[in-house]
Amino acid sequence: MTDAPRTLPRSPYWGVPVARAIPFIVTAFVITFSSNHSSQVGLLAYGVFAIVSGVIVGALSWRTIRERSVRVNFLIQGISSVVFGALALAFNSGGLGFFLFCATMNSAICGFLELYAGLRNTKNPAARDWAVVGGLTVVFALVLIFFPTDPVFAVGMFGAYAAVIGLFLVIAGLSLRWGTHTAPVTRTGNPRSGKAS
């Protein structure tokens, strides 16, 4: 009797989290090294980040995820990010209130959708990463809603969130690239053996 686990082919999806990490990391660096944490700078940074991130999520997920329902989920996230990013750029002088509106609404929508995708599709190797990113994004939205904020705090929190998610996505993508995924074990041979009497 032999148990022969078979290694599954690497999914092309591993590049999606790595690509998603780029706008997060760039945004974190920009905010960290900027001395101006005004709401106008926050709206500008958030607008560019959300549009780039939305295009990456929508386009790459649609090409690399097999399950149609999950592809639609991430496409909606991409569209939401592009819409709120465009609003942030179009109304760049909208002040702290508008920054909080764009950041919390988009984070709530994308966070809950990604958290749902992770919890609903547990057989997907990326499901745990989706759940973690979605959960952290929801937490970021809740922090902006419930904690007293000023522009420095709000924009600084956005930078910290971007740094954490960016680092996590890099690790998640590389784990999917180099991790070991095996197919279900196939049992061969006769499990019952004995001497005839």
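Residues numbered from 1 in each chain as written. Predicted model: local features only at pLDDT ≥ 70, side-chain atom pairs only at ≥ 80, totals over all residues. Heavy atoms only, no water.

### A closer look at the overall build of the protein chain
Inclusion rule: Numbering of helices and strands starts at the N terminus; helices are DSSP runs of H or I of at least 4 residues and strands are runs of E of at least 2. Accessible area is worked out with a 1.4 Å probe on protein chains only. A residue is then buried under 20% of its type maximum, exposed over 50%, and partly exposed in between. Contacts are assigned to residue pairs with any non-hydrogen atoms lying within 4.5 Å of each other. Only the protein chains shown count as covering a residue, and every accessible area follows the Shrake-Rupley method with a 1.4 Å probe.
Looking only at helices and strands, the protein chain features six helices and two strands. Relative to its 197 residues, the protein chain shows a buried fraction of 42%. Of the contacts made within the protein chain by residues no fewer than 6 positions apart, 78% connect residues no fewer than 24 positions apart. Element-wise, carbon and sulfur atoms account for 68% of the exposed surface of the protein chain, whose accessible area totals about 10900 Å².

### Brief notes about the nonpolar core
For clarity, the cut-off: Only buried residues count toward a nonpolar core. Its members are Ala, Val, Leu, Ile, Met, Phe, Trp, Tyr and Cys residues joined through side-chain atoms within 4.5 Å.
If you look at the biggest cluster of nonpolar residues, it comprises 27 residues, and the most contacted ones within it are Phe24, Tyr46, Phe99 and Phe158. Of all elements in the fold, only helix 1 (15-32), helix 2 (39-64), helix 3 (68-90), helix 4 (95-120), helix 5 (127-146) and helix 6 (151-178) reach the threshold of two or more residues within this core. At nine residues, helix 6 tops the list of elements feeding residues into this core. Leaving out residues up to four positions away in the same chain, Phe24 has contacts with Phe49, Ser53, Tyr161, Ala162, Ile165, Gly166 and Leu169. Formed by 10 residues, the second largest nonpolar core is a distinct cluster that contains Val16, Phe74, Ala117 and Leu176.

### Some words on the packing of helix 3 against helix 4
Applied cut-off: Interaxial angles span 0 to 180 degrees and are taken between N-to-C directions of axes, which are lines fitted to C-alpha atoms, for helices over the stretch in contact. Angles below 35 degrees are treated as roughly parallel, those above 145 as roughly antiparallel, those between 65 and 115 as roughly perpendicular, and all remaining angles as oblique. For this classification, Asp, Glu, Lys and Arg are treated as charged, while Ala, Val, Leu, Ile, Met, Phe, Trp, Tyr, Cys and Pro are nonpolar and the rest, including Gly, are polar.
Look at helix 3 against helix 4: their axes get within 10 Å of each other, and the N-to-C directions meet at 175 degrees. In terms of orientation, helix 3 lies roughly antiparallel with respect to helix 4. Packed against helix 3, whose contacting residues are Asn73, Phe74, Ile76, Gln77, Ser80, Ser81, Phe84, Leu87 and Ala88, the element helix 4 presents Phe98, Phe101, Cys102, Met105, Asn106, Ile109, Cys110, Leu113, Glu114, Tyr116 and Ala117 at the interface. Considered class by class, the residues forming the contact of helix 3 with helix 4 number 14 nonpolar, five polar and one charged.

### Examining the confidence of the model for the protein chain
Applicable threshold: The predictor attaches a confidence to each residue, called pLDDT, with possible values from 0 through 100.
Averaged over all residues, the pLDDT of the protein chain is 88; the fraction at 70 or higher stands at 84%. Note that pLDDT drops below 50 for residues 180-189; the model gives that stretch 22 contacts with residues more than four away or on any other chain.

### Digging into the packing of aromatic side chains
Short version of the rule: Side-chain rings of Phe, Tyr and Trp (the six-membered ring for Trp) are treated as a pair once their centres are within 6.5 Å; stacked means planes under 30 degrees apart, edge-to-face means over 60, and tilted covers the remaining angles. Think of it as a cone above the ring: NZ of Lys or CZ of Arg counts as a charge over the ring if it is within 6 Å of the ring centre and within 35 degrees of the ring normal.
Scanning all chains against the criterion turns up 15 aromatic pairs. Aromatic pair Phe24 and Tyr161: ring centres 5.9 Å apart, planes at 70 degrees, arrangement edge-to-face. Residue Phe24 is located in helix 1, and its partner Tyr161 is located in helix 6; the two are separated by 137 residues in the primary sequence. A cation sits over an aromatic face here: Arg71 above Trp62, 4.6 Å from the ring centre. Its guanidinium or amino end placed over the ring of Trp14, Arg177 lies 5.6 Å from that ring's centre, counting from NZ or CZ.

### Re helix 5
For clarity, the threshold we go by: The span expected for a helix works out to 1.5 Å for each residue beyond the first.
The terminal C-alpha atoms of helix 5 lie 28 Å apart, and with 20 residues this matches the ideal 28 Å at 1.5 Å per residue to within 8%. Every buried residue of helix 5 is accounted for by Ala127, Asp129, Trp130, Ala131, Val133, Gly134, Thr137, Val138, Phe140, Ala141, Val143 and Leu144. Looking at the buried residues of helix 5, the elements they touch are helix 1, helix 3, helix 4 and helix 6.

### Considerations on a nonpolar patch on the surface
Selection rule: Without a salt bridge and with relative accessible area above 30%, a residue can belong to a patch; like charges are then joined within 9 Å and nonpolar side chains (Val, Leu, Ile, Met, Phe, Trp, Tyr) within 5 Å. One side-chain nitrogen of Lys or Arg within 4 Å of one carboxyl oxygen of Asp or Glu is enough to make a salt bridge.
A surface patch of nonpolar side chains, amounting to about 460 Å² of accessible area, comprises Trp62, Val72, Leu75, Ile76, Ile79 and Val83. With five residues, the top contributor of residues to the nonpolar patch is helix 3.

### Re the side chain of Thr27
Along the chain, the position of Thr27 falls in helix 1. Residue classification places Thr27 among the buried positions, given a relative accessible area of 8%. Residues within four places of Thr27 in sequence aside, it is in contact with Phe49, Phe158 and Ala162.

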